[in-house]
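Given next are the chains, with one letter for each unit.
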Amino acid sequence: MPHETSAQNPVYERLPFLEGLRGLAALYVVLGHICSMADPSKLAWKASSAPVWLQGLFAPFQYGNLAVATFIVLSGFCLQLALFTRGDGRIRGLGRWFTRRWARILPPYYGALALSLIVATTITMKQPGMPFQHYLPITDEGLLAHLFLVHNLSTEWMYKINGVMWSIGLEAQLYLLFPLLLAMLFKAGRTLTLALSIATAALAVIYLPNASKLYAWYLPLFVLGMVSANLAYRPNLTAGIQPALAAMLALLGFFVAGFACHHGWAIYTCDSLVGLGVAALCYLLMVSSVNPLNRFLAWRPLVWLGGFSYSLYLMHHPIEQIVYAHRPAGTEGPEALFWYLLWAGLPLMILGSWVFSLVFERPFVARRARHAEQERLPLAPTSLPLKPFGSDHAIRRAKLKAASRERSSEPVPQLV
């Protein structure tokens, strides 16, 4: 998403921890596809021939859906965050907002689609078995669906050409819903908006055919990201900010998600738990002081990787197929393929995606953000006109508490 600033509110949106989270999620997807290409036995529903130690190494990287769920939460969080960094959290100029969004996601998407088509017709079609069968055949209907970003609506289209692009169609559809969701958030409140999105997703999962492939539960995850950013900028003046509660929810979400994945729980349960953990973590890192986790996520290599994570997500698999097709003679079997793809393929995927981003992504990122001279500290803002969420008595009491904290040496952000 674009990183923008405002003359009235010179707060830089480029938060290092967000870039770090994006970088980690994209890297996880790449490593997962390295594992599945080295040993596609699970995709083919066959017993693995890989050594036991290698199967154990591959096991944690088979949940690529969790990374996509992370991206969806981060997308909702960042879209709401951007509106606060530029004003009061609402959209001012719907046409301009949509223009910025499409200019941000469409050039890399269509560039990757064109290059993926070349790879699909020259390499994918010549490779037997899995995972290559996932991306074929290429039909006129499937191509049109990709062009109009509706390919995620059918299992006949969603994984063709480039297997990761289904999530871009879904995200584009969430972008279309975002203004409506935002209006609900400000009019109906956070709790009701989130509850309605959960109910909508639940009805879709229960009654729609192929519901598990429609990923309807990404709607409440997207809203959850919006709510997390909204809470950081518009805290309840009675309750104040709640970093301890956020830390507890983040730990709970990630821990139970790990347990759920290990025990084969439903995909929507695993995704939802990870989404809760990511949303709580984003809130925590926004309202808390600098801490070791913040410093880790602001590690320069992670931030650099996060800066072109969209391109890395889109382009890593076509590049991986090229590397696979031109592997040295004798590089066969899960173990040999894994080491080859890891040491030769991973650097090429990262380098190739970075070059791709310079052409198709970087030129469309807001110029002001690219040349920002400083980065925003992970603290909730103190200068925005926050809307009170409580009685007058509660508001006065919160103001007194904030004034008391300001006089003390505790480095906590003000609520008003």
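Presented here is an overview of the structure given in this document. (Residues numbered from 1 in each chain as written. Predicted model: local features only at pLDDT ≥ 70, side-chain atom pairs only at ≥ 80, totals over all residues. Heavy atoms only, no water.)

## Quick look at the packing of aromatic side chains
Here is step 1 of the chain: The tally for this structure, following the rule as stated, stands at 23 aromatic pairs.
Here is step 2 of the chain: Measuring from centroid to centroid gives 5.3 Å for Phe132 and Tyr324, while their planes differ by 45°, and the two rings are tilted. You can see Phe132 sitting in the loop between α4 (94-122) and α5 (140-147) and its partner Tyr324 sitting in helix α14 (residues 309-325), a full 192 residues away along the chain.
Here is step 3 of the chain: The buried category is assigned to Phe132, whose relative accessible area is 1%.
Here is step 4 of the chain: Judged by centre distance (6.5 Å) and plane angle (10°), the rings of Trp339 and Trp343 are stacked. You can see Trp339 and its partner Trp343 sitting in helix α15 (residues 334-360), four residues apart, about one turn around the helix.
Here is step 5 of the chain: A relative accessible area of 36% places Trp339 in the partly exposed class.
Here is step 6 of the chain: Residue classification places Trp343 among the exposed positions, given a relative accessible area of 62%.
Here is step 7 of the chain: Within the aromatic cluster, the residues linked to one another by ring pairs are Trp97, Phe98, Trp102, Tyr175, Phe178 and Phe222. (Phe/Tyr/Trp six-rings, centres within 6.5 Å; stacked < 30°, edge-to-face > 60°. Helix = DSSP H or I, 4+ residues; strand = E, 2+ residues; numbered from the N terminus. Buried < 20%, exposed > 50% of the residue type's maximum accessible area, 1.4 Å probe, protein only.)

## Focus: the environment of Gln55
Here is step 1 of the chain: By the secondary structure assignment, Gln55 is in helix α2 (residues 52-58).
Here is step 2 of the chain: Expressed as a C-alpha distance, the spacing of Gln55 and Pro334, which sit 279 residues apart in the sequence, is 9.4 Å.
Here is step 3 of the chain: Among all residues touching Gln55, those that are not within four sequence positions of it are Ser48 and Ala50. (Contact = heavy atoms within 4.5 Å.)

## Looking at the state of the cysteines
Here is step 1 of the chain: Applying the stated criterion to the full structure yields zero disulfides.
Here is step 2 of the chain: For the unlinked cysteine Cys270, the closest cysteine sulfur is that of Cys261, found at 3.5 Å. (Disulfide = S-S within 2.5 Å.)

## Regarding the pattern of salt bridges
Here is step 1 of the chain: Tallied over the full model, the rule gives five salt bridges.
Here is step 2 of the chain: Close ionic contact of Arg90 with Asp88 constitutes a salt bridge, the shortest N to O distance being 3.4 Å.
Here is step 3 of the chain: What makes Arg90 partly exposed here is its relative accessible area of 31%.
Here is step 4 of the chain: Under the relative-accessibility criterion, Asp88 is labelled partly exposed at 22%.
Here is step 5 of the chain: The network of salt bridges with common partners includes Asp88, Arg90 and Arg92. (Salt bridge = Lys/Arg side-chain N within 4 Å of Asp/Glu carboxyl O.)

## Examining the nonpolar core
Here is step 1 of the chain: Judged by nonpolar contacts, the single largest core of 107 residues is most densely connected at Phe17, Leu18, Phe178, Tyr218 and Met286.
Here is step 2 of the chain: Ranked by the residues each element gives to this core, the list is headed by helix α3 (residues 64-86), at 14 residues.
Here is step 3 of the chain: Apart from the residues within four sequence positions on either side, Tyr218 is in contact with Asn65, Val68, Ala69, Ile72, Trp166, Leu170, Leu174 and Asp271. (Core = buried A, V, L, I, M, F, W, Y, C linked by side-chain atoms within 4.5 Å.)

## As for empty space enclosed by the protein
Here is step 1 of the chain: Evaluated as defined, the whole model comprises three cavities of 30 Å³ or more.
Here is step 2 of the chain: Approximately 40 Å³ is the volume attributed to the second largest cavity.
Here is step 3 of the chain: If you trace the second largest cavity, you find it lined by Ser116, Val119, Ala120, Thr124, Ile161, Asn162, Gly163, His317, Pro318 and Gln321.
Here is step 4 of the chain: Those elements that place two or more of their residues in the lining of the second largest cavity are α4 and α14.
Here is step 5 of the chain: Broken down by class, the residue content of the lining of the second largest cavity amounts to four nonpolar, six polar and no charged. (1 Å grid on protein atoms, 1.4 Å probe; cavity = no way out; pocket = protein on both sides within 12 Å on 5 of 7 lines; lining within 4 Å. Points joined across faces, edges and corners; volume = space filled by probe spheres on them. Nonpolar A, V, L, I, M, F, W, Y, C, P; charged D, E, K, R; others polar.)

## What about the environment of Leu136?
Here is step 1 of the chain: Positionally, Leu136 belongs in the loop between α4 and α5.
Here is step 2 of the chain: Measuring from C-alpha to C-alpha, the distance between Leu136 and Glu156 comes to 9.7 Å, with 20 residues separating the pair along the chain.
Here is step 3 of the chain: Residues in contact with Leu136, not counting those within four places in the same chain, are Ala120, Thr124, Met125 and Lys160.

## Some details on the layout of surface pockets
Here is step 1 of the chain: Taken as a whole, the largest pocket spans an internal volume of roughly 1400 Å³.
Here is step 2 of the chain: Along the wall of the largest pocket there are 40 residues; nearest its centre are Leu43, Gln62, Tyr63, Gly64 and Asn65.
Here is step 3 of the chain: For the lining of the largest pocket, the secondary-structure elements that each account for two or more residues are α1 (16-38), α2, α3, α8 (211-214), α11 (267-287) and α14.
Here is step 4 of the chain: With six residues, α1 is the largest single contributor of residues to the lining of the largest pocket.
Here is step 5 of the chain: Of the residues in the lining of the largest pocket, the class split is 22 nonpolar, 14 polar and four charged.

## Side note on helix α13 (residues 300-307)
Here is step 1 of the chain: Every buried residue of α13 is listed here: Leu302, Val303, Leu305 and Gly306. Mapping the buried residues of α13 onto a view down its axis gives an arc of 160°, with all of them on the same face. (Arc of directions from axis to C-beta.)

## Section: the environment of Ile161
Here is step 1 of the chain: Tracing the sequence through the fold places Ile161 in the loop between α5 and α6 (166-187).
Here is step 2 of the chain: Spatially, the C-alpha atoms of Ile161 and Leu113 are 7.8 Å apart, while their sequence positions differ by 48 residues.
Here is step 3 of the chain: With residues up to four places along the chain from it excluded, the contact list for Ile161 reads Leu113, Ser116, Leu117, Ala120, Tyr135, Ile138, Leu143 and His146.

## Here we look at the packing of helix α9 (residues 218-233) against α11
Here is step 1 of the chain: Close contact between α9 and α11 brings their axes to 9 Å; oriented N to C, the two are set at 15°. In terms of orientation, α9 lies roughly parallel with respect to α11. α9 and α11 meet at a crossing whose hand is right-handed. Across the interface between the two elements, Tyr218, Leu221, Leu224, Ser228, Leu231, Ala232 and Tyr233 of α9 pack against Asp271, Ser272, Gly275, Leu276, Ala279, Cys282, Tyr283, Met286 and Val287 of α11. (Axes fitted to C-alpha atoms, helices over the stretch in contact; angles between N-to-C directions. Parallel < 35°, antiparallel > 145°, perpendicular 65-115°, else oblique. Left-handed = near helix turned anticlockwise from the far one by under 90°.)

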